[in-house]
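Summary of the model geometry
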Amino acid sequence: MANPPSIAAASVEELVAAVQRGAYAVDPAELFATGAMWIAQSTKFPGTTQLYRNHYLLLRSGAAFGACCLERDDLPSLVAEDLAGASLASLLDDPRLPVRIAALDAYFGTVAPHRDAAHATPWQLPLGTPHDRALARDRAIVSLLKLEPGQQVALIGVVNPLVQAIREQGGVCLPCDFNMRQTQWGEPVSKTMEPALDAADLVIATGMTLSNGSFDRILERVRARSIPLLVYAQTGSSIVPQFLDRGVTAVSAEPFPFSQFSAEPSVLYRYQ
């Protein structure tokens, strides 16, 4: 189902509730997590000091993968052993937010796959090194929003190539991240996002805000201030497009398998 009905969900939990009450054509009780994976992955580019640590919960349902990147201590790695075989309906009732996010992503990956979405444009990442592909991806992300020189950009979830891409377009980056203390260029990174959300002319946020529960707050602030929000999403790449025109302005959606797991050309989907 490439174009599911438009559901006026204002938050992630409202979207989950809509799926559970049958607002979409496919009953989540009829879809199952046939596979579950836990992946721990780290990246450090040559000549830099920043080590990125990523931990992913992945659910396979039919032809779709649901993905949720989370903090290392949010879930035990053995969680994946307990989830295979469960219905997506039961996983959407799981008390653990990352499990619900992965299940919701798998659900929309089935009912609204990127390849069939009317508003999604495929964009190919080139063959190359991890740094080459990361920089190409992050330039593609920033190009979804037209930055004016001097505009302040709240960056919620910091990767240095994305900071570089913002600077190349003349933007002033306001970086926020739980785990990073400073950017590659020595700029301080805030642990709190509220001051940046108040000052920014536009916001770029990681899909990981879904897994830590801050996505709804970001939506609330950009709606209140009528400023653009671009989300770059590995986590919840099929969830975020459901909020287009409800706070989200554009999405760079990167479904699993992610670009860091291969040097070969791969596709992300750009929504505007």
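I will try to describe carefully the structure that is included in this document.

So, the overall build of the protein chain
- Secondary structure assignment for the protein chain yields 7 helices and 10 strands.
- For 272 residues, the compact-globule estimate of 2.2 N^0.38 gives 19 Å, and the C-alpha radius of gyration of the protein chain, at 18 Å, lies within 12% of that figure.
- Structurally, the protein chain occupies a C-alpha span of about 50 × 40 × 30 Å along its principal axes.
- A fraction of 63% describes how many contacts in the protein chain between residues 6 or more apart in sequence connect residues 24 or more apart.
- Split by element, the accessible area of the protein chain, about 11,800 Å² in all, is 51% carbon and sulfur.
- Charged side chains of the protein chain number 21 positive and 27 negative; the gap between the two group centres comes to 5 Å.

What to know about the sheet that holds strand S8 (residues 229-233)
- Read from one edge of the open sheet, 7 strands run S4-S10-S9-S8-S7-S5-S6, paired in mixed fashion. The open sheet has two edge strands, strand S4 (120-125) and strand S6 (172-176), and neither has a second partner. The average undirected angle you get between the axes of adjacent strands in this sheet is 20°.
- Most of the contacts of helix H4 (residues 130-142) go to S4, to which it runs at about 155°, and overall it touches S4, strand S7 (202-206), S8, strand S9 (250-253) and strand S10 (266-271).
- Against the sheet, helix H7 (residues 215-225) engages strand S5 (152-156), S7 and S8, with an angle of about 160° to S8.

Thresholds applied
- Residues numbered from 1 in each chain as written.
- Predicted model: local features only at pLDDT ≥ 70, side-chain atom pairs only at ≥ 80, totals over all residues.
- Heavy atoms only, no water.
- Helix = DSSP H or I, 4+ residues; strand = E, 2+ residues; numbered from the N terminus.
- Rg over C-alpha atoms; globule rule 2.2 N^0.38 Å.
- Contact = heavy atoms within 4.5 Å.
- Areas by Shrake-Rupley, 256 points an atom, 1.4 Å probe, with all protein chains shown as cover.
- Lys, Arg positive; Asp, Glu negative; His and termini not counted.
- Charge placed at Lys NZ, Arg CZ, Asp CG, Glu CD.
- Pairing = 2+ DSSP bridges.
- Axes fitted to C-alpha atoms, helices over the stretch in contact; angles between N-to-C directions.

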